[in-house]
Amino acid sequence: IMSLNLENPTNHYRLNLDNLGDRCVAQQLMLLNRWEARILQASGHPDISERGDTKNFRNVTLDSQGFAWGSEEWGIPTEGILVFDYVSTRRPDASVSPIE
């Protein structure tokens with residue numbers, strides 16, 4: 001949880017949901033995803049999610065098996081190893097300089 005950067009959450013994650021800290025990271029990312037999805041929809045942008053469900057989670061597996069949430073499902077499983085790529089829809093402000 002200490003390495004989670006909600007300002008730039010795009011990353012590859014491997015979370016043990018039996019671990020409270022890892023589960024908290026998954027919950028924070030899901031909450032952030034809901035917020036980003038609402039902003040994207042309100043601005044009239046199309047859904048660019050992998051499965052057409054407004055989720056920013058891609059390549060998701062739970063215990064090495066393919067996993068997907070329903071479009072209105074926002075809960076996190078309570079156990080297992082959850083692996084995914086989170087791809088944020090937020091972009092830096094145009095005035096921000098790249099890091100060299």
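Nothing here was measured: the structure is a model prediction, and the numbers come from that model.

Explanation requested: the confidence of the model for the chain in the structure shown.
Caution applies to low-pLDDT parts of the model: their predicted coordinates are not meant to be read in detail. In the predicted model, the chain carries a mean pLDDT of 89, and the fraction of residues at 70 or more is 98%. Across the chain, strand E4 (residues 81-86) holds the top mean pLDDT of 97, while helix H1 (residues 20-42) sits lowest at 93.

Sorry if this is basic, but what is going on with the nonpolar core here?
Soluble globular proteins tend to bury their nonpolar side chains together. Core analysis: the largest hydrophobic core is formed by 19 residues, its most contacted members being Tyr 13, Leu 29, Phe 57, Trp 69, Leu 82 and Phe 84. A per-element tally of this core places H1 first, with five residues. The contact partners of Tyr 13, leaving out residues within four places of it in the chain, are Leu 4, Val 25, Leu 29, Leu 82, Val 83, Phe 84 and Tyr 86.

I'm lost on H1 in this one. Help?
Since the α-helix turns once every 3.6 residues, residues separated by three or four places project in the same direction. The terminal C-alpha atoms of H1 lie 33 Å apart, and with 23 residues this matches the ideal 33 Å at 1.5 Å per residue to within 8%. For H1, the complete set of buried residues consists of Arg 23, Val 25, Ala 26, Leu 29, Met 30, Leu 32, Asn 33, Glu 36, Ala 37 and Leu 40. Next to the buried residues of H1 lie strand E1 (11-16), strand E2 (57-62) and E4. Residue Asn 19 occupies the N-cap position of H1, its side-chain oxygen lying 2.8 Å from the main-chain nitrogen of Gly 21. Two residues or fewer past H1, Gly 44 is found with a positive phi of approximately 80 degrees.

Would you explain the packing of aromatic side chains in this entry?
Within the structure shown, the criterion is met by five aromatic pairs. Plain terms: the ring middles of Phe 57 and Phe 84 are 4.8 Å apart, the flat faces sit at 55 degrees to each other, and that makes the pair tilted. Here Phe 57, found in strand E2, pairs with Phe 84, found in strand E4; they are 27 residues apart in sequence, far enough to count as distant. Under the relative-accessibility criterion, Phe 57 is labelled buried at 4%. Note on Phe 84: relative accessible area 0%, which makes it buried.

Rules used throughout
- Residues numbered from 1 in each chain as written.
- Predicted model: local features only at pLDDT ≥ 70, side-chain atom pairs only at ≥ 80, totals over all residues.
- Heavy atoms only, no water.
- pLDDT = per-residue confidence, 0-100.
- Helix = DSSP H or I, 4+ residues; strand = E, 2+ residues; numbered from the N terminus.
- Core = buried A, V, L, I, M, F, W, Y, C linked by side-chain atoms within 4.5 Å.
- Buried < 20%, exposed > 50% of the residue type's maximum accessible area, 1.4 Å probe, protein only.
- Contact = heavy atoms within 4.5 Å.
- Expected span 1.5 Å × (residues − 1).
- Polar contact = N/O pair within 3.5 Å; in protein donor to acceptor, adjacent residues only side chain to side chain.
- Phe/Tyr/Trp six-rings, centres within 6.5 Å; stacked < 30°, edge-to-face > 60°.

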